[in-house]
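Chain by chain, the residues:
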Amino acid sequence: MNWNNSTQQPWCPAPEKPSGPASGLPAWARKRVLVPAAAGLFVAGAVAGSAGGSGTENVNSATPTPLATVTVTASPKAAATPQAEPPAPEGTTRPADDDSGTKVSVPDFVGMGLQSAQDAAQAKGFYTLTSHDSAGRDRMQLLDRNWKVCSQNVAAGTSVSTTTRLDFGAVKTEESCPAKDREPTKVVGGRMPDLGGASVNTARAALDSGTSLTVKDAAEDRMVLLESNWKVCTQVPAAGTKLNGQPVELTAVKFEESCP
């Protein structure tokens with residue numbers, strides 16, 4: 001032990017000054033407390049939520065957040081620009097409804113076989129071709145080589161477009177052409193037409209579809225099967241009779257035969 005000479009008292013070291021701030025608190029009480037940020041936000045929110053007054057939420061006092069309204073106007077779709085029709089390839093022709101066909105002089109087809117007439121028309125550039133029965137029997141031209149031309153709808157020598165329709169009136173090659181094409185028989189004014197000489201099939205077509213029609217062979221007791229090959233000889237009721245649904249009776253023979 002050290003002794004102080006002036007006082008003869010034992011020497012003691014001076015007490016150390018605290019290194020921290022002079023807060024007057026003991027060291028164990030001056031430790032820092034770290035509070036997590038999330039916990040601090042939770043506490044702040046809880047305090048703010050409880051400030052509504054008397055610990056009770058006042059729902060009506062909350063100011064609603066205004067909603068933004070956005071108006072969207074659709075832009076009109078631009079109309080498609082029509083495309084110009086491309087020109088026809090070289091060496092081809094336009095459809096039949098196009099009047100731009102080349103004009104040529106129509107040949108004389110009368111007296112030619114129907115097949116030969118059609119071939120000649122196509123060689124001139126005509127491809128819209130039809131034909132009909134000049135005898136008025138409403139027969140179909142199934143084998144053109146068996147028919148001959150009696151008339152044509154466009155006179156020979158007329159200059160027309162190649163898109164023009166050509167219609168040939170024809171009869172079988174062994175038949176004679178009529179002076180002019182015979183028109184189909186029709187009922188006029190609701191009265192019985194004169195069916196004499198008409199084919200049975202055109203006579204039937206002239207009458208109402210509900211008419212009761214009986215056809216008998218005027219020469220023999222044959223069955224009338226292919227009606228376009230038979231011609232009417234007699235009829236009941238007579239021509240000019242008012243038609244009111246009564247049955248019709250016809251007698252007929254084949255066209256190459258004479259009525260009795």
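Before any of the text, the structure's been laid out above.
Cut-offs and rules
Residues numbered from 1 in each chain as written. Predicted model: local features only at pLDDT ≥ 70, side-chain atom pairs only at ≥ 80, totals over all residues. Heavy atoms only, no water. Helix = DSSP H or I, 4+ residues; strand = E, 2+ residues; numbered from the N terminus. Contact = heavy atoms within 4.5 Å. Polar contact = N/O pair within 3.5 Å; in protein donor to acceptor, adjacent residues only side chain to side chain. Pairing = 2+ DSSP bridges. Axes fitted to C-alpha atoms, helices over the stretch in contact; angles between N-to-C directions. Disulfide = S-S within 2.5 Å. Buried < 20%, exposed > 50% of the residue type's maximum accessible area, 1.4 Å probe, protein only. Phe/Tyr/Trp six-rings, centres within 6.5 Å; stacked < 30°, edge-to-face > 60°.

Caption draft 1: Examining the environment of His 132 more closely. Inspection of the secondary structure puts His 132 in strand 2 (residues 129–133). Discounting chain neighbours no more than four positions away, the residues touching His 132 are Gln 141, Asp 167, Phe 168, Gly 169, Ala 170 and Asp 181. A polar atom in the side chain of His 132 sits 3.2 Å from the side chain of Asp 167.

Caption draft 2: Region of interest: the sheet that holds strand 5 (residues 166–172). Strand order across the open sheet formed by three strands is 2-5-3, with mixed pairing between neighbours. The outermost strands of the open sheet, each flanked by one partner alone, are strand 2 and strand 3 (147–152). Neighbouring strand axes in the sheet, compared pairwise and without regard to direction, differ in orientation by 40 degrees on average. The pairing of strand 2 with strand 5 spans five bridges and is classified as parallel. Looking at the pairing, Asp 133 lines up with Ala 170 of strand 5. Together, strand 2, strand 3 and strand 5 form the strand contacts of helix 2 (residues 114–123), whose direction differs from that of strand 5 by roughly 165 degrees.

Caption draft 3: Spatial organisation of the environment of Ser 228. Among the structural elements, Ser 228 can be located in the loop between strand 6 (213–217) and strand 7 (230–236). Spatially, the C-alpha atoms of Ser 228 and Thr 202 are 7.6 Å apart, while their sequence positions differ by 26 residues. Residues within four places of Ser 228 in sequence aside, it is in contact with Arg 137, Arg 139, Ser 199, Asn 201 and Phe 255.

Caption draft 4: Inspection of the state of the cysteines at higher detail. Enumeration over the complete set of coordinates arrives at two disulfides. What pairs with Cys 233 in a disulfide is Cys 259, and their sulfur atoms sit 2.0 Å apart. Taking the torsion about the sulfur-sulfur bond, which here is approximately -85 degrees, the covalent link between Cys 233 and Cys 259 counts as left-handed. A residue pair is termed long-range when its members are at least 10 positions apart, and Cys 233 in strand 7 and Cys 259 in the segment after strand 8 (248–254) qualify at 26 residues. Assessed through its relative accessible area of 22%, Cys 233 is described here as partly exposed. Disulfides within the chain link the bonded cysteines, taken in sequence order, as 1-2, 3-4.

Caption draft 5: Molecular detail of the packing of aromatic side chains. Counting across every chain of the model gives one aromatic pair. Between Phe 109 and Phe 168 the ring centres are 5.1 Å apart and the planes differ by 65 degrees, which places this aromatic pair in the edge-to-face class. Residue Phe 109 is located in the loop between strand 1 (103–105) and helix 2, and its partner Phe 168 is located in strand 5; the two are separated by 59 residues in the primary sequence. Taken as a pair, Phe 109 and Phe 168 share a single burial class, namely buried.

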